[in-house]
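# Structure at a glance
Below are the chains, spelled out letter by letter.
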Amino acid sequence: MKPRALLLLIMIAVSGFFQSYAVEIELKDSSNATCLYAKWMMKFLIKYETNSSDYKNTTLNLPSIVTHNGSVCGSDRRAALLAVQFGNGHSWSNSYTKTNATWQGGSVTFTYNTNDTAVFPDAKRKGPITVVVNDTMRPVQLGNVFVCHSTDSVQTGNVTQIFWNVTVQPFVQNGTIGKKETICQADMPTPGPTVPPTSANVTTATTVSPAPTTPPKPVENPVTGNYSLKSGNTTCLLATVGLQLNVSQDKPHLININPKTTSADGTCGNTTATLKLNDGNSTLIAFMFAVKNESASVQKFYLKEVNVTLLNSLNGSVIVSGNNNNFSQWDALLGNSYMCRNEQTLEVNEALQIHTFNLWIQPFLVKANKFSTAEECPADSDLNFLIPIAVGMALGFLIILVFISYLIGRRKSRTGYQSV
(Lines give C-alpha, C1' and ligand atoms only; values in the text may rest on other atoms or scores of the structure.)
Protein backbone atom coordinates (compact mmCIF):
# COMPACT_ATOMS: atom_id res chain seq x y z
CA MET A 1 0.00 0.00 0.00
CA LYS A 2 1.56 3.24 -1.13
CA PRO A 3 0.06 6.32 0.63
CA ARG A 4 -0.59 9.60 -1.07
CA ALA A 5 -0.24 12.92 0.67
CA LEU A 6 -1.58 16.42 0.18
CA LEU A 7 0.92 19.09 1.27
CA LEU A 8 -0.06 22.68 1.98
CA LEU A 9 2.78 25.06 2.76
CA ILE A 10 1.72 28.35 4.29
CA MET A 11 4.39 30.99 4.67
CA ILE A 12 4.25 33.28 7.68
CA ALA A 13 6.63 36.10 8.61
CA VAL A 14 8.32 35.98 11.98
CA SER A 15 9.13 39.56 12.98
CA GLY A 16 12.74 40.60 12.89
CA PHE A 17 14.49 37.22 12.76
CA PHE A 18 13.59 34.82 9.93
CA GLN A 19 10.80 33.37 7.80
CA SER A 20 9.36 30.02 8.79
CA TYR A 21 6.79 27.80 7.15
CA ALA A 22 3.83 25.79 8.42
CA VAL A 23 3.58 22.27 7.06
CA GLU A 24 0.21 20.54 6.66
CA ILE A 25 0.12 16.86 5.76
CA GLU A 26 -2.99 14.80 5.10
CA LEU A 27 -1.92 11.22 4.50
CA LYS A 28 -4.36 8.91 2.64
CA ASP A 29 -4.52 5.13 2.32
CA SER A 30 -5.18 3.00 -0.78
CA SER A 31 -8.91 3.66 -0.56
CA ASN A 32 -8.27 7.44 -0.56
CA ALA A 33 -9.40 7.73 3.05
CA THR A 34 -7.50 10.07 5.38
CA CYS A 35 -5.43 8.04 7.84
CA LEU A 36 -3.06 10.65 9.35
CA TYR A 37 -3.30 14.42 9.63
CA ALA A 38 -0.69 16.87 10.91
CA LYS A 39 -0.05 20.59 10.75
CA TRP A 40 2.82 22.15 12.66
CA MET A 41 5.74 24.57 12.68
CA MET A 42 9.27 23.75 13.79
CA LYS A 43 12.88 24.83 13.61
CA PHE A 44 16.21 23.58 14.95
CA LEU A 45 19.00 25.26 16.92
CA ILE A 46 22.29 23.43 16.30
CA LYS A 47 25.75 23.89 17.77
CA TYR A 48 28.55 22.56 15.56
CA GLU A 49 32.35 22.47 15.55
CA THR A 50 34.13 24.61 12.97
CA ASN A 51 37.36 24.01 11.07
CA SER A 52 39.14 26.22 13.62
CA SER A 53 37.97 23.85 16.41
CA ASP A 54 35.66 26.41 18.02
CA TYR A 55 31.88 26.10 18.15
CA LYS A 56 29.13 28.08 16.45
CA ASN A 57 25.34 28.15 16.79
CA THR A 58 23.13 28.04 13.73
CA THR A 59 19.38 27.89 13.05
CA LEU A 60 17.86 25.45 10.56
CA ASN A 61 14.36 26.43 9.39
CA LEU A 62 11.87 24.60 7.23
CA PRO A 63 11.99 25.79 3.60
CA SER A 64 8.95 26.32 1.38
CA ILE A 65 9.35 22.87 -0.22
CA VAL A 66 9.42 19.57 1.68
CA THR A 67 8.80 15.95 0.72
CA HIS A 68 7.09 13.21 2.74
CA ASN A 69 8.75 10.00 1.59
CA GLY A 70 8.38 7.12 4.02
CA SER A 71 5.27 8.38 5.83
CA VAL A 72 3.07 5.47 6.90
CA CYS A 73 -0.61 5.33 7.92
CA GLY A 74 -0.10 2.68 10.58
CA SER A 75 -2.41 -0.04 11.88
CA ASP A 76 -3.16 -2.06 15.02
CA ARG A 77 0.14 -3.88 14.60
CA ARG A 78 2.24 -1.24 12.88
CA ALA A 79 3.27 2.22 14.09
CA ALA A 80 2.29 5.25 12.07
CA LEU A 81 5.13 7.42 10.80
CA LEU A 82 5.14 11.10 9.94
CA ALA A 83 8.29 11.88 7.94
CA VAL A 84 9.50 14.94 6.02
CA GLN A 85 12.65 15.70 4.07
CA PHE A 86 13.86 19.22 3.30
CA GLY A 87 16.83 21.31 2.25
CA ASN A 88 20.17 19.71 1.45
CA GLY A 89 19.87 16.27 3.04
CA HIS A 90 17.89 17.16 6.21
CA SER A 91 15.01 15.02 7.48
CA TRP A 92 12.69 14.69 10.48
CA SER A 93 10.21 12.03 11.54
CA ASN A 94 7.96 11.06 14.44
CA SER A 95 6.39 7.64 15.01
CA TYR A 96 3.05 7.00 16.71
CA THR A 97 1.65 3.90 18.39
CA LYS A 98 -1.85 3.10 19.59
CA THR A 99 -3.74 0.90 22.01
CA ASN A 100 -7.42 0.04 22.02
CA ALA A 101 -8.26 3.42 23.54
CA THR A 102 -5.34 5.82 23.06
CA TRP A 103 -2.49 6.89 20.79
CA GLN A 104 0.79 8.64 21.59
CA GLY A 105 4.10 9.72 20.09
CA GLY A 106 7.09 7.39 19.94
CA SER A 107 10.57 8.21 18.67
CA VAL A 108 11.52 11.57 17.11
CA THR A 109 14.41 11.25 14.65
CA PHE A 110 16.20 14.29 13.21
CA THR A 111 19.03 14.14 10.69
CA TYR A 112 20.96 17.24 9.63
CA ASN A 113 23.61 17.34 6.94
CA THR A 114 26.68 19.47 7.65
CA ASN A 115 27.52 19.36 3.92
CA ASP A 116 24.85 22.06 3.60
CA THR A 117 27.26 25.00 3.41
CA ALA A 118 24.43 27.55 3.55
CA VAL A 119 23.69 26.44 7.14
CA PHE A 120 27.10 25.04 8.14
CA PRO A 121 29.61 27.10 6.10
CA ASP A 122 32.72 25.95 8.01
CA ALA A 123 31.73 22.66 9.69
CA LYS A 124 34.66 20.46 10.66
CA ARG A 125 32.65 17.24 10.53
CA LYS A 126 31.04 16.62 7.15
CA GLY A 127 28.01 14.50 6.38
CA PRO A 128 24.66 13.55 7.99
CA ILE A 129 24.32 13.52 11.80
CA THR A 130 21.29 11.86 13.43
CA VAL A 131 19.80 12.45 16.88
CA VAL A 132 16.92 10.43 18.37
CA VAL A 133 14.73 11.35 21.32
CA ASN A 134 11.51 9.96 22.79
CA ASP A 135 8.33 12.00 22.33
CA THR A 136 7.10 13.12 25.77
CA MET A 137 3.47 13.56 24.63
CA ARG A 138 0.93 12.04 26.99
CA PRO A 139 -1.53 9.44 25.62
CA VAL A 140 -4.42 10.95 23.65
CA GLN A 141 -7.89 9.45 23.37
CA LEU A 142 -8.24 7.52 20.10
CA GLY A 143 -10.20 9.67 17.67
CA ASN A 144 -9.11 12.95 19.29
CA VAL A 145 -6.90 15.60 17.70
CA PHE A 146 -3.90 16.81 19.73
CA VAL A 147 -3.51 20.62 19.64
CA CYS A 148 -0.72 22.75 21.13
CA HIS A 149 -0.21 26.36 20.03
CA SER A 150 2.39 27.09 22.73
CA THR A 151 6.09 26.65 22.10
CA ASP A 152 7.58 23.30 23.11
CA SER A 153 11.15 22.14 22.77
CA VAL A 154 13.37 19.14 23.28
CA GLN A 155 17.17 19.17 23.51
CA THR A 156 19.46 16.30 22.61
CA GLY A 157 23.21 16.77 22.53
CA ASN A 158 23.96 19.84 20.43
CA VAL A 159 20.45 20.07 18.95
CA THR A 160 17.36 21.87 20.27
CA GLN A 161 14.14 21.08 18.39
CA ILE A 162 11.43 23.74 18.75
CA PHE A 163 7.76 23.17 17.85
CA TRP A 164 4.66 25.36 17.95
CA ASN A 165 1.17 25.58 16.43
CA VAL A 166 0.95 21.78 16.43
CA THR A 167 -2.18 19.87 15.33
CA VAL A 168 -1.83 16.12 14.82
CA GLN A 169 -3.97 12.99 14.64
CA PRO A 170 -2.64 9.61 13.53
CA PHE A 171 -4.93 6.59 13.16
CA VAL A 172 -7.79 8.73 11.84
CA GLN A 173 -11.01 6.72 12.18
CA ASN A 174 -13.30 6.19 9.18
CA GLY A 175 -11.36 8.73 7.15
CA THR A 176 -12.77 11.64 9.17
CA ILE A 177 -10.51 13.92 11.21
CA GLY A 178 -11.77 14.10 14.79
CA LYS A 179 -13.78 17.07 16.03
CA LYS A 180 -12.77 16.70 19.69
CA GLU A 181 -9.45 18.27 20.70
CA THR A 182 -6.99 17.25 23.40
CA ILE A 183 -5.18 20.45 24.38
CA CYS A 184 -1.65 20.48 25.75
CA GLN A 185 -1.09 21.65 29.31
CA ALA A 186 0.67 24.84 28.18
CA ASP A 187 -2.44 25.99 26.24
CA MET A 188 -4.85 25.52 29.13
CA PRO A 189 -6.05 28.85 30.55
CA THR A 190 -5.15 29.80 34.09
CA PRO A 191 -8.36 30.63 35.99
CA GLY A 192 -8.38 34.00 37.74
CA PRO A 193 -9.46 34.44 41.35
CA THR A 194 -13.20 34.67 41.97
CA VAL A 195 -14.11 37.78 43.98
CA PRO A 196 -17.64 37.82 45.50
CA PRO A 197 -19.53 41.12 45.23
CA THR A 198 -19.15 43.34 48.28
CA SER A 199 -19.75 46.96 49.07
CA ALA A 200 -16.08 47.54 48.29
CA ASN A 201 -16.17 46.31 44.68
CA VAL A 202 -19.71 47.20 43.53
CA THR A 203 -19.65 49.97 40.92
CA THR A 204 -21.18 53.24 42.07
CA ALA A 205 -21.75 56.55 40.32
CA THR A 206 -19.03 58.41 42.16
CA THR A 207 -16.13 60.44 40.87
CA VAL A 208 -12.82 58.72 41.43
CA SER A 209 -9.61 60.71 41.46
CA PRO A 210 -6.78 59.21 39.39
CA ALA A 211 -4.32 57.13 41.39
CA PRO A 212 -0.93 58.74 41.94
CA THR A 213 1.82 57.50 39.66
CA THR A 214 4.21 55.20 41.46
CA PRO A 215 7.60 54.05 40.19
CA PRO A 216 7.84 50.36 39.14
CA LYS A 217 8.85 47.96 41.87
CA PRO A 218 12.34 46.52 41.61
CA VAL A 219 12.55 42.87 40.56
CA GLU A 220 12.86 40.65 43.61
CA ASN A 221 15.39 37.86 43.90
CA PRO A 222 14.20 34.63 42.24
CA VAL A 223 12.69 31.73 44.13
CA THR A 224 15.21 28.97 44.83
CA GLY A 225 14.46 25.75 42.96
CA ASN A 226 15.55 22.16 43.56
CA TYR A 227 16.56 20.10 40.52
CA SER A 228 17.96 16.58 40.11
CA LEU A 229 18.85 14.01 37.47
CA LYS A 230 18.74 10.24 37.65
CA SER A 231 20.74 7.50 35.97
CA GLY A 232 18.36 4.57 36.14
CA ASN A 233 17.00 4.64 39.68
CA THR A 234 20.04 6.43 41.13
CA THR A 235 20.32 10.19 41.58
CA CYS A 236 23.43 11.37 39.74
CA LEU A 237 23.14 15.18 39.89
CA LEU A 238 21.75 17.58 42.50
CA ALA A 239 21.22 21.31 42.15
CA THR A 240 19.62 23.99 44.30
CA VAL A 241 19.65 27.48 42.82
CA GLY A 242 17.66 30.64 42.19
CA LEU A 243 18.10 31.85 38.59
CA GLN A 244 17.63 35.28 37.08
CA LEU A 245 18.31 36.27 33.45
CA ASN A 246 19.59 39.73 32.62
CA VAL A 247 18.77 40.45 28.97
CA SER A 248 20.46 43.60 27.68
CA GLN A 249 19.07 44.57 24.29
CA ASP A 250 17.32 47.95 23.98
CA LYS A 251 17.37 48.21 27.77
CA PRO A 252 18.22 45.79 30.61
CA HIS A 253 15.41 43.40 31.46
CA LEU A 254 15.45 40.99 34.41
CA ILE A 255 13.59 37.67 34.19
CA ASN A 256 13.21 35.36 37.17
CA ILE A 257 13.05 31.63 36.43
CA ASN A 258 10.07 30.05 38.20
CA PRO A 259 11.06 26.60 39.53
CA LYS A 260 7.39 25.55 39.75
CA THR A 261 7.08 25.62 35.96
CA THR A 262 10.63 24.53 35.14
CA SER A 263 11.60 20.94 34.35
CA ALA A 264 15.07 19.42 34.52
CA ASP A 265 16.66 17.09 31.99
CA GLY A 266 20.19 16.20 31.00
CA THR A 267 22.90 13.58 31.17
CA CYS A 268 25.32 12.23 33.75
CA GLY A 269 28.75 10.80 32.99
CA ASN A 270 32.08 10.04 34.59
CA THR A 271 33.83 13.16 33.26
CA THR A 272 31.00 15.34 31.89
CA ALA A 273 27.48 16.15 33.02
CA THR A 274 24.77 18.45 31.67
CA LEU A 275 21.81 20.01 33.45
CA LYS A 276 19.13 21.35 31.08
CA LEU A 277 16.33 23.53 32.42
CA ASN A 278 13.16 24.28 30.44
CA ASP A 279 10.46 26.55 31.83
CA GLY A 280 7.99 24.92 29.44
CA ASN A 281 7.31 27.95 27.32
CA SER A 282 10.11 30.34 26.43
CA THR A 283 13.41 29.79 28.28
CA LEU A 284 16.03 27.07 27.79
CA ILE A 285 19.17 26.98 29.94
CA ALA A 286 21.90 24.34 29.90
CA PHE A 287 24.84 24.04 32.32
CA MET A 288 27.72 21.76 31.25
CA PHE A 289 30.19 20.45 33.85
CA ALA A 290 33.53 18.70 33.34
CA VAL A 291 36.27 17.03 35.40
CA LYS A 292 39.86 18.28 35.39
CA ASN A 293 43.07 16.87 36.89
CA GLU A 294 44.63 19.25 39.39
CA SER A 295 47.46 16.79 39.93
CA ALA A 296 48.17 13.09 39.54
CA SER A 297 45.97 12.29 42.54
CA VAL A 298 43.54 15.24 42.75
CA GLN A 299 40.52 15.74 40.48
CA LYS A 300 38.05 18.61 40.50
CA PHE A 301 34.78 19.34 38.74
CA TYR A 302 33.91 22.79 37.35
CA LEU A 303 31.35 24.65 35.26
CA LYS A 304 32.64 24.63 31.69
CA GLU A 305 29.85 25.87 29.45
CA VAL A 306 26.46 27.62 29.57
CA ASN A 307 23.82 27.82 26.81
CA VAL A 308 20.77 30.10 26.97
CA THR A 309 17.91 30.50 24.49
CA LEU A 310 15.01 32.89 25.07
CA LEU A 311 12.03 32.29 22.77
CA ASN A 312 8.94 34.22 21.78
CA SER A 313 6.18 32.14 23.41
CA LEU A 314 3.69 33.09 20.67
CA ASN A 315 5.57 32.08 17.53
CA GLY A 316 8.73 30.30 18.68
CA SER A 317 11.11 32.88 17.25
CA VAL A 318 14.42 33.36 19.02
CA ILE A 319 14.48 36.62 20.98
CA VAL A 320 18.05 36.19 22.14
CA SER A 321 20.46 33.29 22.55
CA GLY A 322 23.98 32.87 23.81
CA ASN A 323 26.71 30.35 24.47
CA ASN A 324 29.93 30.56 26.49
CA ASN A 325 32.20 27.51 26.65
CA ASN A 326 35.12 29.23 28.38
CA PHE A 327 33.95 29.13 31.98
CA SER A 328 36.10 27.76 34.77
CA GLN A 329 33.92 28.41 37.81
CA TRP A 330 32.09 26.55 40.56
CA ASP A 331 35.02 24.17 41.05
CA ALA A 332 35.30 21.70 43.92
CA LEU A 333 37.00 18.40 44.66
CA LEU A 334 35.39 15.48 42.84
CA GLY A 335 33.03 13.85 45.33
CA ASN A 336 32.27 17.15 47.10
CA SER A 337 29.66 19.78 46.32
CA TYR A 338 29.98 23.50 45.58
CA MET A 339 28.00 26.13 47.50
CA CYS A 340 27.60 29.89 47.13
CA ARG A 341 24.78 31.64 48.97
CA ASN A 342 25.79 35.07 47.67
CA GLU A 343 24.74 36.35 44.27
CA GLN A 344 27.03 35.38 41.37
CA THR A 345 27.00 36.55 37.76
CA LEU A 346 27.77 34.40 34.70
CA GLU A 347 28.58 36.41 31.56
CA VAL A 348 27.14 34.39 28.67
CA ASN A 349 27.64 37.14 26.09
CA GLU A 350 27.19 40.90 25.76
CA ALA A 351 23.40 40.57 25.70
CA LEU A 352 22.95 37.83 28.31
CA GLN A 353 23.88 37.35 31.95
CA ILE A 354 22.75 34.79 34.48
CA HIS A 355 22.52 35.76 38.15
CA THR A 356 22.54 32.85 40.62
CA PHE A 357 21.37 32.91 44.24
CA ASN A 358 21.65 30.29 47.00
CA LEU A 359 23.59 27.96 44.72
CA TRP A 360 24.40 24.39 45.82
CA ILE A 361 25.52 22.02 43.07
CA GLN A 362 26.95 18.51 42.80
CA PRO A 363 27.14 17.09 39.25
CA PHE A 364 29.18 13.95 40.06
CA LEU A 365 29.36 11.12 42.61
CA VAL A 366 26.08 11.84 44.43
CA LYS A 367 25.52 9.38 47.28
CA ALA A 368 22.20 8.50 48.95
CA ASN A 369 20.38 11.38 47.20
CA LYS A 370 22.24 13.91 49.38
CA PHE A 371 24.81 16.63 48.84
CA SER A 372 28.32 15.75 49.95
CA THR A 373 30.66 18.07 51.87
CA ALA A 374 30.24 21.61 50.52
CA GLU A 375 33.15 23.77 49.40
CA GLU A 376 32.10 27.40 49.76
CA CYS A 377 32.77 30.19 47.30
CA PRO A 378 35.18 32.99 48.32
CA ALA A 379 32.29 35.43 48.88
CA ASP A 380 30.70 33.10 51.42
CA SER A 381 34.07 32.41 53.04
CA ASP A 382 34.70 36.16 53.41
CA LEU A 383 31.27 36.54 54.97
CA ASN A 384 31.90 33.69 57.40
CA PHE A 385 35.23 35.31 58.28
CA LEU A 386 33.73 38.77 58.78
CA ILE A 387 30.82 37.68 60.98
CA PRO A 388 32.92 36.60 63.99
CA ILE A 389 35.08 39.73 63.57
CA ALA A 390 31.98 41.92 63.63
CA VAL A 391 30.61 40.04 66.65
CA GLY A 392 33.98 40.39 68.42
CA MET A 393 34.13 44.11 67.69
CA ALA A 394 30.60 44.59 69.00
CA LEU A 395 31.44 42.71 72.19
CA GLY A 396 34.65 44.72 72.60
CA PHE A 397 32.74 47.98 72.15
CA LEU A 398 30.18 46.84 74.74
CA ILE A 399 32.95 46.01 77.22
CA ILE A 400 34.48 49.45 76.70
CA LEU A 401 31.11 51.11 77.35
CA VAL A 402 30.65 49.08 80.52
CA PHE A 403 34.16 49.97 81.66
CA ILE A 404 33.63 53.71 80.97
CA SER A 405 30.30 53.61 82.79
CA TYR A 406 32.05 51.94 85.72
CA LEU A 407 34.76 54.63 85.83
CA ILE A 408 32.19 57.44 85.68
CA GLY A 409 30.14 55.87 88.42
CA ARG A 410 33.19 55.36 90.61
CA ARG A 411 34.33 58.96 90.09
CA LYS A 412 30.92 60.29 91.11
CA SER A 413 31.02 58.13 94.21
CA ARG A 414 34.45 59.46 95.24
CA THR A 415 33.31 63.04 94.65
CA GLY A 416 30.35 62.43 96.90
CA TYR A 417 32.54 61.13 99.70
CA GLN A 418 34.88 64.14 99.49
CA SER A 419 32.02 66.66 99.69
CA VAL A 420 30.81 65.07 102.90
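Residues numbered from 1 in each chain as written. Predicted model: local features only at pLDDT ≥ 70, side-chain atom pairs only at ≥ 80, totals over all residues. Heavy atoms only, no water.

## So, the overall build of the protein chain
- Across its full length, the protein chain holds one helix and 27 strands.
- For the protein chain, the proportion of its 420 residues judged to be buried stands at 41%.
- Taking as baseline every contact in the protein chain between residues at least 6 positions apart, the subset at least 24 positions apart corresponds to 54%.
- As presented, the protein chain carries roughly 24,100 Å² of accessible surface, and 54% of it is formed by carbon and sulfur atoms. (Helix = DSSP H or I, 4+ residues; strand = E, 2+ residues; numbered from the N terminus. Buried < 20%, exposed > 50% of the residue type's maximum accessible area, 1.4 Å probe, protein only. Contact = heavy atoms within 4.5 Å. Areas by Shrake-Rupley, 256 points an atom, 1.4 Å probe, with all protein chains shown as cover.)

## Side note on the state of the cysteines
- Scanning all chains against the criterion turns up four disulfides.
- There is a disulfide in this structure between Cys-236 and Cys-268, and the S-S distance comes to 2.0 Å. In this structure the cystine formed by Cys-236 and Cys-268 twists about its S-S bond by roughly 70°; its chirality is therefore right-handed. Of the two residues, Cys-236 is situated in strand E16 (residues 234–248) and Cys-268 in strand E18 (residues 263–268); the sequence distance between them amounts to 32 residues. (Disulfide = S-S within 2.5 Å.)

## Description of the pattern of salt bridges
- The final tally for this structure, using the stated rule, is eight salt bridges.
- The residue Lys-124 makes a salt bridge to Glu-49 at a minimum N-O spacing of 3.7 Å. You can see Lys-124 sitting in the loop between strand E8 (102–113) and strand E9 (128–134) and its partner Glu-49 sitting in strand E3 (residues 34–49), a full 75 residues away along the chain.
- Take Glu-49: its relative accessible area is 27%, and that puts it in the partly exposed class. (Salt bridge = Lys/Arg side-chain N within 4 Å of Asp/Glu carboxyl O.)

## Topic: the confidence of the model for the protein chain
- On average, residues of the protein chain score 82 in pLDDT, and 80% of them reach the 70 mark or higher.
- Here residues 1–19 is a poorly scored stretch, pLDDT under 50, and it has 49 contacts once near neighbours within four places are set aside; other chains count.
- Note that pLDDT drops below 50 for residues 197–208; the model gives that stretch two contacts with residues more than four away or on any other chain. (pLDDT = per-residue confidence, 0-100.)

## A few points about empty space enclosed by the protein
- For the structure on display, the rule yields one cavity of 30 Å³ or more.
- When its volume is computed, the largest cavity comes out at roughly 50 Å³.
- Lining of the largest cavity is provided by Ala-239, Val-241, Leu-243, Leu-275, Leu-277, Phe-287, Trp-330, Leu-359 and Ile-361.
- For the lining of the largest cavity, the secondary-structure elements that each account for two or more residues are E16, strand E19 (272–278) and strand E26 (352–362).
- Top contributing element to the lining of the largest cavity by residue count: E16, with three residues.
- Class assignment of the residues belonging to the lining of the largest cavity gives a composition of nine nonpolar, no polar and no charged. (1 Å grid on protein atoms, 1.4 Å probe; cavity = no way out; pocket = protein on both sides within 12 Å on 5 of 7 lines; lining within 4 Å. Points joined across faces, edges and corners; volume = space filled by probe spheres on them. Nonpolar A, V, L, I, M, F, W, Y, C, P; charged D, E, K, R; others polar.)

## Things to note about unusual backbone geometry
- For Ser-53, which is not glycine, the phi dihedral falls at a positive 70°.
- By the secondary structure assignment, Ser-53 is in the loop between E3 and strand E4 (55–61).
- The partly exposed category is assigned to Ser-53, whose relative accessible area is 43%.
- At Asn-369, a position not held by glycine, the phi torsion is positive, near 60°.
- Along the chain, the position of Asn-369 falls in the loop between E26 and strand E27 (374–376).

## Some remarks on the pairing of strand E12 (residues 152–156)
- Pairing of E12 with strand E13 (residues 159–169), which is carried by five bridges, proceeds in the antiparallel orientation. Bridging from a neighbouring strand, Ser-153 pairs with Ile-162 of E13.
- Between E12 and E13, which follow one another and run antiparallel, lie two residues, and Gly-157 among them has a positive phi close to 60°. (Pairing = 2+ DSSP bridges.)

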